[in-house]
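# Commentary on secondary and tertiary structure
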Amino acid sequence: MFKNAIVRRPGHSLVNGITSAPELGKPDYGLAIKQHDAYIAALKSCGVEVTVLETDERFPDSCFVEDVAVCTKKFAMIAKPGASSRRGEEKEIIEVIKKFYNNLEYIKEPGTLEGGDVMMVGDHFYIGLSKRTNREGAEQLIEVLEKYGMSGSIVEISEMLHLKSGLAYLEDDVLLVTGEFINILEFKKFNKIMIDEEEIYSANCIRVNDYVLVPAGYPKTKEKIKAAGFKVIVVDTSEYRKVNGGLSCLSLRF
Ligand code: GLY
């Protein structure tokens, strides 16, 4: 069960967020704020208390708080963004994390690690090696996980931005999976729900207590998740998609 979530309000600088899909255009800030309100409401309706952090205009991508920390049952790891324009965001999350965690750990240079590359499955954490997370960062996280009696393993990524751009663990052994992750051996043991290529963005769903949050506009994915027996809440993230953002990266949940 998640009791808490942390989000950060997007600033106007969101329009300058990193994007790998410039053809989608710039985010509409007014709409992004409305979508953020709806996202917070959805989290609350799943029974979590939401801590809302103030905007930080210095960092266009700072609403994507999931990337700057990894929250586990026993400790929180302050990450080290691999994207140079995001370097420094991690310092701004420390104070609020300290309110919830006594045990803080830190990824140290030359390690880089972004939380979007970390997928929790019980006490095991899959860590994607991406353009943002390097082997040094992944190995630091594994070492700390083992110190606290948990474990981690590495998944190589060649195409996706983050591990959770193409994977979502919905609990109960169910894994949403798409693209390059479909045939990976490590995920063989899960009951997989395959996401169609044309709905690839919607692989980034999140299970929050009794519900699965699904992005608006992906009817096939929504129906597949419902058919698997999950209760679904649809949340529109169209403006965040324009800057590589999705449901998972908009919050830390613990
Ligand atoms: N714009 C979010 C990211 O690429 O990190």
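Residues numbered from 1 in each chain as written. Predicted model: local features only at pLDDT ≥ 70, side-chain atom pairs only at ≥ 80, totals over all residues. Heavy atoms only, no water.

## Topic: the nonpolar core
With 24 residues, the main nonpolar core has Y39, L43, F64, V208 and L213 as its most contacted residues. Of all the secondary-structure elements, those providing two or more residues to this core are strand 1 (4-8), helix 1 (29-45), strand 12 (206-208) and strand 14 (231-235). When residues no more than four places from it in sequence are discounted, the contact partners of L213 are Y39, A42, L43, C46, C205, I206, V208, I233, V235 and L247. Within the second largest apolar cluster, 17 residues are counted, among which are M77, A79, I107 and V144. (Core = buried A, V, L, I, M, F, W, Y, C linked by side-chain atoms within 4.5 Å. Buried < 20%, exposed > 50% of the residue type's maximum accessible area, 1.4 Å probe, protein only. Helix = DSSP H or I, 4+ residues; strand = E, 2+ residues; numbered from the N terminus. Contact = heavy atoms within 4.5 Å.)

## Some points on the site of the ligand
I18, D61, F64, R86, R132, L161, V243 and N244 make up every residue found near the ligand. One nitrogen or oxygen atom from the side chain of R86 is found 2.8 Å from an oxygen atom belonging to the ligand. Between the ligand and N244, the relevant distance is 3.2 Å, taken from an oxygen atom to a side-chain nitrogen or oxygen of the residue. Here the ligand, which alone exposes 200 Å², has 99% of that area covered by the protein. (Near = heavy atom within 4 Å. Polar contact = N/O pair within 3.5 Å; in protein donor to acceptor, adjacent residues only side chain to side chain. Areas by Shrake-Rupley, 256 points an atom, 1.4 Å probe, with all protein chains shown as cover.)

## Some thoughts on unusual backbone geometry
Glycine aside, residues mostly have negative phi, and peptide bonds are mostly found in the trans state. The omega torsion across E109 and P110 is 10 degrees, close enough to zero to call that bond cis. Examined against the element boundaries, P110 turns out to sit in the loop between strand 5 (104-106) and strand 6 (118-121). With a phi close to 70 degrees, D173 is a non-glycine residue in the positive phi region. Positive phi outside glycine occurs at N244, with the angle close to 65 degrees. With respect to the element layout, N244 can be found in the loop between helix 5 (238-241) and strand 15 (252-253).

Fair warning: the whole summary comes from geometry, so function is off the table for now.
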